[in-house]
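As a plain string of letters, each chain reads:
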Amino acid sequence: MRLFLVAVLASTLAGCPKGDELKSAALSVKLHYEGFRPGCVTLTVTDQEEVSRQVTTNVNVSAGAPPGTLSVAVFRQAGWSNDVKLLAQAHEQSCEGARVATAEATASLAKDGITPVELSLGAMDADGDGFVRREDQGTDCDDRDADRKGPTPWYDDADGDNYGNRLLPPRVTACEGPALTASRTGDCDDRDASVHPDQAEFRCDGRDDNCDDVKDESFDVGGNCFNDSQCPGANVCGNGGVVCNSTVTPTAYYVDEDGDGKAGAEAGRTCGPIPAGTSTVSTDCDESTVYVANGLPEVCDRLDNNCAGGVDEGATCATLTWRENQQVDGDVPWNAITLHGTQGAWFASKNKLAYATSTTLTSFKCGGDWKAAWTSSTGRVFLAGANGELTTRTPADPTGTDCVPVVAAGNTSMLNGIVGLEQPGSEPVLYAVASNGNIVRWRRPDAPTVVTQVPANLRAIDGLGTPDTLMAVGFVTVGSQSTIRVFRSNSDGSAWQEDSFNPPIAGSLRGVDVVNSRLAFVAGDDGLVLQGYRGAWSPLPQASYLGTRLNALDVQGLAQGKVYVAAGQGGVFFFDGSTWLSAHPGTNALRSLDSTSPTNIGVVGDHGTVIYWRP
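This is a predicted model, so every value here is computed, not measured.

### Concerning the overall build of the protein chain
Tallying secondary structure elements over the protein chain gives one helix and 46 strands in all. In terms of overall dimensions, the protein chain is more spread out than a globule: its C-alpha atoms have a radius of gyration of 50 Å, far above the 25 Å expected for 615 residues. Relative to its 615 residues, the protein chain shows a buried fraction of 49%. In the protein chain, 45 positive and 77 negative side-chain charges are present, and the distance between their average locations comes to 3 Å.

Structure, rendered in structure tokens:
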């Protein structure tokens, strides 16, 4: 018996001693491959007389495009017969890869010398990616695309972020994965699609967002910082980002908003220097009015003037009362009152105009149905009324000379409200509002003009000093339903913007009072009163008394949450911040309300009613 061993090229198998006799015969095996480059070729030599005698060698294939040839030498050895069978098998990628081609041959080693043997292996790898097409038992997923190679592992991907759960083995190895799998693994939280490898740490949250086993490495957690109040602290995670956490309490600082020289509105807090013009001490408990601040004397005006926590304490109201007169200048339904100074007042009605002081009442001839009035600092009155008419008088004018009306071109609609804006050294600029939505501007000696028209029945207007404080109010009626309207002016009075109420507020506005640039009140039918503070509107409790909702025909504000209304049912009523109170009862309809200060208030109405709250 003779043994056969296999060696690559001219080499013998390692560890197998051979004598000269055995080396005298050999097979020179040429393994040809075409159409693909195998990753490995296995050559198996089997003794044909005793098939249990078998030896196999793996032949690795070097790089290079096909076709190619491998050489293997088979030597004669003791214990085997001279006749052998050769089986060549080509594998994809490696010796453990898929078998894609085979070739067989028989040979004899009976003669001394070298006997050639040719074996050919054929398969197709059209795209040259090292994977053979499936028709040749290969595993190429697409033999037309070199980027698509053989089957890959697919991992469970429960959150659908295209990264599989790194804690689980592959579910399957295939060209295409089933639903909720991914060809990449490494996901450290397969319940959150935003967490996966190959990204920067994108949020500061105490979690590992990019699965590199480090938490929040993109953020300077624990680093020194200063917060928005300039207080020192340390960076911590918050709301997905880094926030500066400081245990230092900042100092509050205050500004003077109402112009009384006392700072009471908190403007911020800081650990650094406070801004210029601010104070760390609050000396004003109500920045909505100049009539309240620390150190002011307490007067009888329903306000806490001295910030002592009480209203009208002591004997401040001992001598101040509401004084009412009826039939003033006859049984006149006075439509408007406008105060001049501390003792003067104008009253206006249809074909009636009067000027009163503390001791006198002067009637003026003034034809026209006058609905609204405003007085300048000199005491000159300006009137607005029916047919779009405007006129003016002074207390020194002859009483028997009739008023001379002027009308803006394009407006003959009823003017229901008027206000003037004064600047030192120039004539006041008057603004009046009409039932058809026209807004009229007038500066003597020029003729009045229509500035614009808004979509509302306008009933009142007010402002202070500059056009950007102007506010016009009224309503729109569709069918039987009315909803309120409020309009604000731009900086020169030429354009007006409607305030938005969402949802719309049912009702009709009759009066407006602009207390200052931050505070205003509007009022109307069925107890409707709104406060506008810092640009935001909020409703006050419905104005009512003894179960009756009041029709507020005019309004005068004192401070935030403190306001008077004149009622169409009669009487003057005051909201003190929590409750509506009867300031002065009455039965005659009151139509107009004006004040120059919280201690100088005038009201007029039907049957010649004139009411004062003044020293």
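Once you've had a look at it, read on.
### Re the packing of aromatic side chains
Scanning the model with the defined rule gives 12 aromatic pairs in all. Look at Trp-346 and Phe-364: their rings are 5.4 Å apart centre to centre, the planes differ by 40°, and that puts the pair in the tilted class. Of this pair, Trp-346 sits in strand β19 (residues 344–349) while Phe-364 sits in strand β21 (residues 361–364), and the two are 18 residues apart along the sequence. Note on accessibility: Trp-346 and Phe-364 belong to one class, buried.

### Focus: the state of the cysteines
All chains considered together, the criterion is met by nine disulfides. Paired through a disulfide, Cys-225 and Cys-244 show a sulfur-sulfur distance of 2.0 Å. With the S-S dihedral at roughly 90°, the linkage between Cys-225 and Cys-244 falls on the right-handed side. Of this pair, Cys-225 sits in strand β12 (residues 224–226) while Cys-244 sits in strand β14 (residues 241–245), and the two are 19 residues apart along the sequence. Bridging Cys-231 to Cys-271, the disulfide has an S-S length of 1.8 Å. Across the S-S bond linking Cys-231 and Cys-271, the dihedral sits near 85°, which makes this disulfide right-handed. A residue pair is termed long-range when its members are at least 10 positions apart, and Cys-231 in the loop between β12 and β13 (232–238) and Cys-271 in the loop between β16 (265–270) and β17 (322–325) qualify at 40 residues. On the accessibility criterion, Cys-231 (0% relative accessible area) is buried.

### Re the confidence of the model for the protein chain
Residues at a pLDDT of 70 or more form 96% of the protein chain, whose mean pLDDT is 92. Across residues 1–19 the pLDDT falls below 50, and counting only partners more than four positions away or on other chains, this stretch makes 65 contacts in the model.

### Considerations on the environment of Val-290
Here Val-290 is to be found in the loop between β16 and β17. When near neighbours in sequence (up to four residues on either side) are disregarded, Val-290 contacts Asp-258, Asp-260 and Leu-296.

### Some words on the sheet that holds strand β22 (residues 370–375)
Backbone-to-backbone hydrogen bonds join strands into a sheet, with any given pair of strands oriented parallel or antiparallel. One open sheet holds the four strands; their spatial order is β22-β23-β24-β25, and the pairing between them is antiparallel. The open sheet has two edge strands, β22 and β25 (406–407), and neither has a second partner.

### Some thoughts on the pattern of salt bridges
Counted according to the given criterion, the structure contains 25 salt bridges. The shortest N-O distance in the salt bridge between Arg-171 and Asp-156 comes to 2.5 Å. Taken as a pair, Arg-171 in the loop between β9 (152–156) and β10 (172–174) and Asp-156 in strand β9 lie far apart in primary sequence, 15 residues in all. Between Lys-352 and Asp-329 there is a salt bridge, with the nearest N and O atoms lying 3.3 Å from each other. With Lys-352 in strand β20 (residues 352–356) and Asp-329 in the loop between β17 and β18 (336–340), this residue pair connects regions lying 23 residues apart in the sequence. Accessibility expressed as a relative area gives 24% for Asp-329, which makes it partly exposed. In the salt-bridge network here, residues are joined through shared partners; they are Asp-189, Arg-191, Asp-192, Arg-203, Asp-205, Arg-207 and Asp-209.

### Some points on the sheet that holds strand β4 (residues 54–60)
Read from one edge of the open sheet, four strands run β4-β3-β6-β7, paired in antiparallel fashion. Lying at the two open borders of the sheet, with one neighbouring strand each, are β4 and β7 (99–108). Neighbour to neighbour, the strand axes of the sheet diverge by 15° on average, direction disregarded. Sheet analysis places strand β3 (residues 40–47) next to strand β6 (residues 83–91), joined by eight bridges and oriented antiparallel. Looking at β6, one finds that Thr-44 is bridged to Leu-87.

### Let's talk about the environment of Asp-140
Mapped onto the elements, Asp-140 comes out in the loop between β8 (113–122) and β9. Between the C-alpha atoms of Asp-140 and Gly-150, which are 10 residues apart in sequence, the distance is 4.5 Å. Ignoring any residue separated from it by four or fewer positions in sequence, one finds Asp-140 in contact with Glu-92, Asp-125, Asp-127, Asp-129, Phe-131, Val-132, Arg-133, Arg-134, Arg-148 and Lys-149.

### Observations concerning the pairing of strand β28 (residues 438–442)
Counting buried residues in β28 gives four out of five residues, a clear majority hidden from the surface. The pairing of strand β27 (residues 429–434) with β28 spans four bridges and is classified as antiparallel. When the sheet's bridge partners are listed, Ala-432 is paired in β28 with Val-440. In this antiparallel pair of consecutive strands, β27 and β28, the connection spans three residues, and Gly-437 shows a positive phi of 90°. As paired elements, β28 and strand β29 (residues 449–453) share four bridges and run antiparallel to each other. Paired with Ile-439 across the strands is Thr-452, a residue of β29. Between β28 and β29, which follow one another and run antiparallel, lie six residues.

Thresholds applied
Residues numbered from 1 in each chain as written. Predicted model: local features only at pLDDT ≥ 70, side-chain atom pairs only at ≥ 80, totals over all residues. Heavy atoms only, no water. Helix = DSSP H or I, 4+ residues; strand = E, 2+ residues; numbered from the N terminus. Rg over C-alpha atoms; globule rule 2.2 N^0.38 Å. Buried < 20%, exposed > 50% of the residue type's maximum accessible area, 1.4 Å probe, protein only. Lys, Arg positive; Asp, Glu negative; His and termini not counted. Charge placed at Lys NZ, Arg CZ, Asp CG, Glu CD. Phe/Tyr/Trp six-rings, centres within 6.5 Å; stacked < 30°, edge-to-face > 60°. Disulfide = S-S within 2.5 Å. pLDDT = per-residue confidence, 0-100. Contact = heavy atoms within 4.5 Å. Pairing = 2+ DSSP bridges. Salt bridge = Lys/Arg side-chain N within 4 Å of Asp/Glu carboxyl O. Axes fitted to C-alpha atoms, helices over the stretch in contact; angles between N-to-C directions.

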